[in-house]
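Residues per chain are reported as follows:
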Amino acid sequence: MPLTTPFHSRLEEINQTGIWRHWSGYLVAPQYQYSLSNEYYSVRNSVSLLDTSPLFKYSFTGIDAKVLLERILLRDIGHCEVGKAHYTCWCDDRGFVLQDGVVMQVNSGEFWLTAAEPTLRYFRGVAKEMGLSEVIIEDVSSDFGILSLQGPQAYNVISELTEVSGTLSYFDVVQTEIAGCSVTVSRTGYTGDLGYEIWIRSDDAMRVWDALIGAGEDFNITPIGTTALKMVRVEAGLLLMGTDFYTSRFAWVDSQRETPHELGWGWMLKGLENDGRDFIGRGAVEKELEMGKSRWKTVGLTVDWQEYESTYTEAGILPPHHEVYSESTMSIYRRGSKDWDYAGYASSFLVSSLLKKPIAIAKLPVDLTAIGSEVNLEIPVIREPKNVLARVSKMPFFNPPRKTESSGEMGAHE
Amino acid sequence: MNRSESYDVIVVGGGHNGLVNAAYLAKSGLKTIVLERRYLVGGAAITEELVPGFKFTTFSYAISLLRPEIVQELDLVKHGFMVLPMVNTFQPGYHGEHLILGSDPDVNYHEIARHSIEDAEAAQDLDHLISRMARAIKPWMDRIPPNRLSSDPVEVNALNELKVYLEDLDPEVLDLIEKCTTCSIAEILEGYFETDLIKAMYASSGIIGSRCGPRDRESGLVWLFHKLGEYDGLPGSWGFHKGGNGGFTQALARSVEDFGGEVRTNAGVDKVLYEDGEVSGVLLQDGSILKANVVVSALDPRQTFTRLVEPGDLPKDLIDCIENLKFQGTAAKVNFALSSIPTFPGLEGREEIYKGFTNIGPSIDYLQEAFEDCENGKFSRRPFLDCCIQSTIDPEMSPPGNHIMSCFVMYAPYHLKQSDWKSERENLADTVESTLTEFFPGFSDLVLHREIVTPQDIEEIVGLSEGNIFAGELFKSQLFLDRPAPGWNQYRTPIEGYYQCGSGTHPGGCVSGGPGRLAAQQILSDKGL
Ligand SMILES: Cc1cc2nc3c(=O)[nH]c(=O)nc-3n(C[C@H](O)[C@H](O)[C@H](O)COP(=O)(O)OP(=O)(O)OC[C@H]3O[C@@H](n4cnc5c(N)ncnc54)[C@H](O)[C@@H]3O)c2cc1C
């Protein structure tokens, strides 16, 4: 039997669809309501609540914890102070991405990390190789559940339950209490919106869930499944492992692997020139940058609205707009005299209802990645492959000020 | 005596390799006949209804190493080829401890994580590496290996190609291959796992059918060999042929006939006939003679080179090699007709746990101790058992409600030190039954009938020397460039027109068909076809 998350009995009650899928061996709902759009819009319109407990969770303690994380993580853990979180990634020694995740320093010298795939043995192995004796790495995956509260009303909901949230800036972390249960709240999320992620002891799961639902009642709080989440994260320009990239760990050949630069994570290396950090893969990562030998870049694509419409209309059908989200690879071609001149591919595609345009996350050869570059995206129209014009555009596609604003500024909008 | 019949090709032995070989040759238009000594074809891959309603897979019982090309090229699906996937592997431990690994990688992760979180992660890494290793080796499984003693530029080139191929391999893959050829499986697994039950589960493929314990260095290569199979492209996975492995060989026989070949049973061959170093036919045990310019021995190397022909007629170095080959069978079988499914404490009613291998051998120590008994000339007091209850998947294997359980038993040395198999066979079966009863309380009460197959039975019935299930150990000195002997690893023999295609040739034992297929390629190319 698949495992269930600590919130399962509540989720079971609200799942109208009766549909469950598996996420890392846990039961999760792709959607709870018949209207996927309603879940999707709760993230942008009011506030959503998502159970992300199937993530792998690790804790690092001991004086060597920081040394270890500095060795492994791409971003400088030295800048991740107590009460701060980092979105980061880590690479193998050839500079290929193993995983991405969020690391936070919850107490002085105590770090927590989320990951999509198991990595306890790997971290312990590195610690051992480095001869670090003063670090304890633990898999705390089943000790905690995680709820993600996301949307413009997220602050209003959480501030009903705990005061400290008021002071939380983007990527801040704080330990507090909700409904008498100690929780850890971070101003993070996978939606590109205002939001919080809450680590809850598994035993307290139900009480905190109920408290959040109660506090959210007046704000149209809406539990959402994984599909709505995956849709909004495209708007936020956030990559999904297993869809937009794969871990180097299970690759067969290098063409299945990606470097941080190729994934658009060069920003994680800010200040690299001036620090002497010896993180795993650094040599390769630097060499790639110096020699400009990235094989491709990850970019946003916006499909030309008119061509999208006319391609379907000319075929005699209505262009699909409603709840169109795809994780299947779509080919991209160069525009020019040659037909079907393969250039790259889109790995995630969404007809964004919010932005009223089809958007995609794509991999393209570097020469095609300037903002505004034009390419052809292949879409099936009545099963026939057709090309539509798409332009490289800035990611995130949607980036509201409230995502990063301090709570004082948020009040100003009310 | 009748005027002797004549053929283009005579294949001696209707095991699966003989049938595969014959089917390819018949397909190429050669007038081909397979001569099988027994009343049915299949050799070590047969199914027999020994008790009404109960289909016994007397010898082999599972499929993985089978070369997928054969299914395509011999059109086997048309003839009834159907392999059903194994759903689970069940590894019982003591006190209700157990592992059940199935088809969902995430569920498997959590199942192993119950024992050790690190082991669960390590299993993912190792499985991926095994798959990559299998892919890397596959091309060399499916081609005629180079002749390392030849100075022919073609052979020299092929050897060079092999060298370059190895050098170009992913270093991680190469490292595992090197470890497998130099280390014991226990040593290799030590680098991955901490839990004994998991190590033991992985280690069992390192001892199957071989005279080595998990701590002996031979076990690395035996393990690697068993990882080279697949089920529907899933590396290392196993399946059941519908109706048992006999279902497979029956389909093969139909394929031979469909291509215009002939399959004759109750036709034991006494001698291969040759004159002036050229083959001319065979003499059957009934005294009749069949003529052909090509005779293929589908038997093991000892039979091929020292029984079917006069060893004195062959080069001495070759015969020395053949005489030094290690057979030393160590496996037996005890197959049970059961009134109902066994129960494992805590998993009562979970019939699905048996839809695959059930491995009795909960620790490396257990396996090693079982081996030490064998080294002392006895069968293991507490044997390693690889059990399958195919009737949980294939209802035609037993009457409804009843079950048929195949038990592969190790170790059971061909030569017993202070006794003989005639007097020990029932004791062996009793030992197997009591071992099973330890894990499945009340097991003995379920037994309706048991079929006992000692290494001596394997030798007598199938013809595999000393009961070695692979027609010669899968040891480094007896594989690939040296199977069955250096210089004679390309299916030919010193007698022109006399070929070999049994499991004693490359790629080796198991229900693989590789030897039969590659030998056919060699014969056809020698004939310019
Ligand atoms: C107990 C046991 C369990 C096994 N389990 C598995 C398993 O689960 N999976 C797997 O992949 N492999 C398994 N194997 C190994 C595998 O079955 C063998 O390696 C393979 O079947 C051998 O096939 P073959 O065609 O090379 O030779 P054989 O099957 O040995 O065929 C030789 C044939 O020649 C016939 N013959 C012998 N002498 C003469 C003669 N003088 N004239 C005419 N005919 C003759 C024999 O009767 C026999 O039919 C097992 C083997 C045994 C013994």
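Up top is the structure.
The rules behind each value
- Residues numbered from 1 in each chain as written.
- Chains lettered and ligands numbered in written order.
- Predicted model: local features only at pLDDT ≥ 70, side-chain atom pairs only at ≥ 80, totals over all residues.
- Heavy atoms only, no water.
- Contact = heavy atoms within 4.5 Å.
- Buried area = accessible area lost by both parts, 1.4 Å probe.
- Salt bridge = Lys/Arg side-chain N within 4 Å of Asp/Glu carboxyl O.
- Polar contact = N/O pair within 3.5 Å; in protein donor to acceptor, adjacent residues only side chain to side chain.
- Helix = DSSP H or I, 4+ residues; strand = E, 2+ residues; numbered from the N terminus.
- Nonpolar A, V, L, I, M, F, W, Y, C, P; charged D, E, K, R; others polar.
- Pairing = 2+ DSSP bridges.
- Axes fitted to C-alpha atoms, helices over the stretch in contact; angles between N-to-C directions.
- Patch = residues over 30% accessible without salt bridge, like charges linked within 9 Å, V, L, I, M, F, W, Y side chains within 5 Å.
- Areas by Shrake-Rupley, 256 points an atom, 1.4 Å probe, with all protein chains shown as cover.
- Lys, Arg positive; Asp, Glu negative; His and termini not counted.
- Charge placed at Lys NZ, Arg CZ, Asp CG, Glu CD.
- Buried < 20%, exposed > 50% of the residue type's maximum accessible area, 1.4 Å probe, protein only.
- Near = heavy atom within 4 Å.
- Parallel < 35°, antiparallel > 145°, perpendicular 65-115°, else oblique.
- Expected span 1.5 Å × (residues − 1).
- Bend = angle between axes of the 7 residues up to and from the residue.
- Core = buried A, V, L, I, M, F, W, Y, C linked by side-chain atoms within 4.5 Å.
- Phe/Tyr/Trp six-rings, centres within 6.5 Å; stacked < 30°, edge-to-face > 60°.
- Left-handed = near helix turned anticlockwise from the far one by under 90°.

Chemist: What's the story with the interface of chain B and chain A in this structure? I'm lost.
Modeler: Many analyses report the size of an interface as the accessible area lost when the parts associate. Counting from both sides, the interface comprises 16 residues of chain B and, opposite them, 18 residues of chain A. Approximately 1700 Å² of surface area, both sides summed, lies buried where chain B meets chain A, with 54% of it carried by carbon and sulfur atoms. Here chain B is connected to chain A by three salt bridges. Measuring nitrogen to oxygen at the nearest pair gives 2.5 Å for the salt bridge that ties Arg 124 of chain A to Glu 118 of chain B. Counting across the chain B and chain A interface gives twelve residue pairs in polar contact (both at pLDDT 80 or more). With ten residues, helix 4 (residues 117-141) of chain B is the single largest residue contributor to the side of chain B that touches chain A. For the side of chain B that touches chain A, a count of residues per class yields four nonpolar, five polar and seven charged.

Chemist: It is not clear to me how the sheet that holds strand 19 (residues 447-453) of chain B should be interpreted in this structure. Could you clarify?
Modeler: Residue and element names in this part refer to chain B. Reading across from one edge, 7-6-16-17-18-15-19 is the order of the seven strands in this open sheet, with mixed pairing throughout. Across the chains shown, the open sheet's two edge strands, defined by having one partner strand only, are strand 7 (98-101) and strand 19. For this sheet, the mean angle separating the axes of adjacent strands, direction not counted, is 15°. Across five bridges, the pairing between strand 17 (residues 384-388) and strand 18 (residues 403-410) is antiparallel. Across the sheet, the residue bridging to Asp 386 is Phe 408, located in strand 18. Across the sheet, helix 14 (residues 421-439) touches strand 6 (88-92), strand 15 (331-338), strand 16 (356-360), strand 17, strand 18 and strand 19, and the angle it forms with strand 19 is around 125°.

Chemist: Please explain a negative patch on the surface as it appears in this structure.
Modeler: Residue and element names in this part refer to chain B. Taken together, Glu 275, Asp 276, Glu 278 and Glu 496 make up a surface patch of like negative charges. Among the secondary structure elements, Glu 496 is positioned in the loop between helix 16 (455-462) and strand 20 (498-500). Take Glu 496: its relative accessible area is 56%, and that puts it in the exposed class.

Chemist: Explain the site of the ligand here, please?
Modeler: All names here are of chain B. As a matter of local geometry, the ligand sits amid 35 residues, with Glu 36, Ala 44, Ala 62, Ser 503 and Val 511 nearest to it. Within the backbone of Arg 37, an N or O atom sits 3.2 Å from a nitrogen atom of the ligand. Val 511 is positioned with one of its backbone polar atoms (N or O) 2.8 Å from an oxygen atom of the ligand. Expressed as a share of its isolated accessible area of 1000 Å², the protein-covered part of the ligand is 97%. For the shell around the ligand, the secondary-structure elements that each account for two or more residues are helix 1 (16-27) and helix 16. With three residues, the top contributor of residues to the shell around the ligand is helix 16. Its residues placed into classes, the shell around the ligand shows 19 nonpolar, twelve polar and four charged.

Chemist: What's the story with the packing of helix 3 (residues 65-72) of chain A against helix 4 (residues 120-130) of chain A in this structure? I'm lost.
Modeler: Residue and element names in this part refer to chain A. Axis separation between helix 3 and helix 4 bottoms out at 10 Å; the angle between their running directions is 105°. One finds that helix 3 runs roughly perpendicular with respect to helix 4. Residue-level contacts link Val 67, Leu 68, Leu 69, Arg 71 and Ile 72 of helix 3 to Tyr 122, Phe 123, Val 126, Ala 127 and Met 130 of helix 4. Split into classes, the residues belonging to the contact of helix 3 with helix 4 amount to nine nonpolar, no polar and one charged.

Chemist: Would you mind showing me how to read the pairing of strand 8 (residues 136-139) of chain A here?
Modeler: Side-chain direction in a regular strand flips from residue to residue, so the side chains alternate between the two faces of the sheet. Residues and elements named next belong to chain A. Residues Ile 137 and Asp 139 line the buried face of strand 8, whereas the alternating positions Ile 136 and Glu 138 sit on a face that is not buried. Here four bridges tie strand 4 (residues 56-61) to strand 8, and the two strands are oriented antiparallel to one another. What sits directly across from Phe 60, in strand 8, is Ile 137.

Chemist: I tried to follow helix 4 of chain B on my own but got confused; where do I start?
Modeler: Helical geometry note: an α-helix holds 3.6 residues per turn, so side chains three or four residues apart project in the same direction. All names here are of chain B. Taking 1.5 Å of rise per residue, the 25 residues of helix 4 would be expected to cover 36 Å, and the 35 Å separating its terminal C-alpha atoms lies within 8% of that figure. At Arg 135, helix 4 shows its largest kink, close to 25°, and the proline Pro 139 lies no more than four residues downstream. Of all the 25 residues making up helix 4, 19 are buried; the element is thus mostly covered by neighbouring parts of the structure. Sitting at the amino-terminal end of helix 4 is Ser 116, which places a side-chain oxygen 3.3 Å from the backbone nitrogen of Glu 118.

Chemist: Looking at this model, I keep getting lost on the nonpolar core. Mind explaining?
Modeler: Most often, soluble globular proteins have nonpolar side chains that are buried together. Core analysis: the biggest nonpolar cluster contains 122 residues, and Phe 60 and Leu 68 of chain A together with Leu 436 of chain B have the highest contact counts within it. Looking at this core, the element that brings in the most residues is helix 4 of chain B, giving eleven residues. Beyond its immediate chain neighbours, meaning those up to four positions away, Phe 60 of chain A contacts Ala 65, Leu 68, Leu 69, Gly 109, Glu 110, Phe 111, Leu 113, Phe 123, Ile 136 and Ile 137 of chain A. Leu 50, Met 231, Val 234 and Leu 350 of chain A belong to the second-largest nonpolar core, a separate cluster that totals 42 residues.

Chemist: Can you walk me through the environment of Tyr 26 of chain A in this structure?
Modeler: Its place among the elements puts Tyr 26 of chain A in strand 2 (residues 26-28). Exposure remark for Tyr 26 of chain A: the relative accessible area of 11% places this residue in the buried category. Between the C-alpha atoms of Tyr 26 of chain A and Ser 326 of chain A, which are 300 residues apart in sequence, the distance is 23 Å. When sequence neighbours within four positions are dropped, the list of residues in contact with Tyr 26 of chain A reads Leu 3, Thr 4, Thr 5, Arg 21 and Pro 54 of chain A together with His 110 of chain B.

Chemist: Just checking my understanding: could you explain the pattern of salt bridges for this structure?
Modeler: Pairing between side chains of opposite charge can happen when their charged atoms approach one another. Residues and elements named next belong to chain A. Summed over the entire model, instances satisfying the criterion amount to 55 salt bridges over all chains. Ionic pairing is found between Arg 94 and Asp 254, a salt bridge with its closest N-O pair at 2.5 Å. Separated by 160 residues along the polypeptide, Arg 94 in the loop between strand 5 (85-91) and strand 6 (97-107) and Asp 254 in the loop between helix 7 (226-235) and helix 8 (282-291) bring together distant segments of the chain. For Asp 254, a relative accessible area of 26% translates into the label partly exposed. Here Asp 367 ties to Arg 334 by a salt bridge, and the two come within 2.8 Å at their closest N and O atoms.

Chemist: Where do I start with the packing of aromatic side chains in this structure?
Modeler: Within a pair of aromatic rings, the relevant descriptors are the distance that separates the centres and the angle that separates the planes. Residue and element names in this part refer to chain A. In total, this model carries 32 aromatic pairs over all chains according to the counting rule given. Aromatic pair Phe 7 and Trp 209: ring centres 6.0 Å apart, planes at 40°, arrangement tilted. Of the two residues, Phe 7 is situated in the segment before helix 1 (8-14) and Trp 209 in helix 6 (residues 205-216); the sequence distance between them amounts to 202 residues. For the pair Phe 7 and Trp 209, one class covers both residues: buried. Ring geometry for Trp 90 against Phe 123: centres 5.5 Å apart, planes inclined by 65°, an arrangement best described as edge-to-face. Placement of Trp 90 in strand 5 and of Phe 123 in helix 4 is noted, with a sequence separation of 33 residues between them.

Chemist: Could you clarify how one ought to interpret the sheet that holds strand 3 (residues 47-51) of chain A in this entry?
Modeler: Hydrogen bonds between backbone groups are what pair the strands of a sheet, and the pairing can be parallel or antiparallel. Residues and elements named next belong to chain A. One open sheet holds the six strands; their spatial order is 10-11-12-9-3-13, and the pairing between them is mixed. Both edges of this open sheet fall to strand 10 (173-178) and strand 13 (221-223), since each of them pairs with a single strand only. The sheet shows a mean angle of 25° between the axes of neighbouring strands, direction not considered. With three bridges connecting them, strand 3 and strand 13 associate as parallel partners. Paired with Val 47 across the strands is Ile 221, a residue of strand 13. With respect to the sheet, helix 6 is in contact with strand 3, strand 9 (144-150), strand 10, strand 11 (181-186), strand 12 (195-201) and strand 13, its orientation differing from that of strand 13 by roughly 140°.

Chemist: How should the pairing of strand 3 (residues 48-51) of chain B be read in this particular structure?
Modeler: Residues and elements named next belong to chain B. Note that strand 3 and strand 4 (residues 54-56) share two bridges and pair antiparallel. Bridge pairing in strand 4 links Val 51 to Phe 54. Counting the residues that bridge the hairpin from strand 3 to strand 4 gives two residues, and of these Gly 53 lies at a positive phi of roughly 90°.

Chemist: Just to check I follow, could you spell out the packing of helix 3 (residues 105-113) of chain B against helix 4 of chain B for this structure?
Modeler: Packed helices, taken two at a time, are described by their axes: the angle between them and the distance between them. Residues and elements named next belong to chain B. One can describe the packing of helix 3 onto helix 4 by two numbers: an axis separation of 7 Å at closest approach and a directional angle of 145°. Judged by the twist between their axes, the crossing of helix 3 over helix 4 is right-handed. Packed against helix 3, whose contacting residues are Tyr 109, Ile 112 and Ala 113, the element helix 4 presents Ile 117, Asp 119, Ala 120, Glu 121, Ala 123 and Gln 124 at the interface.

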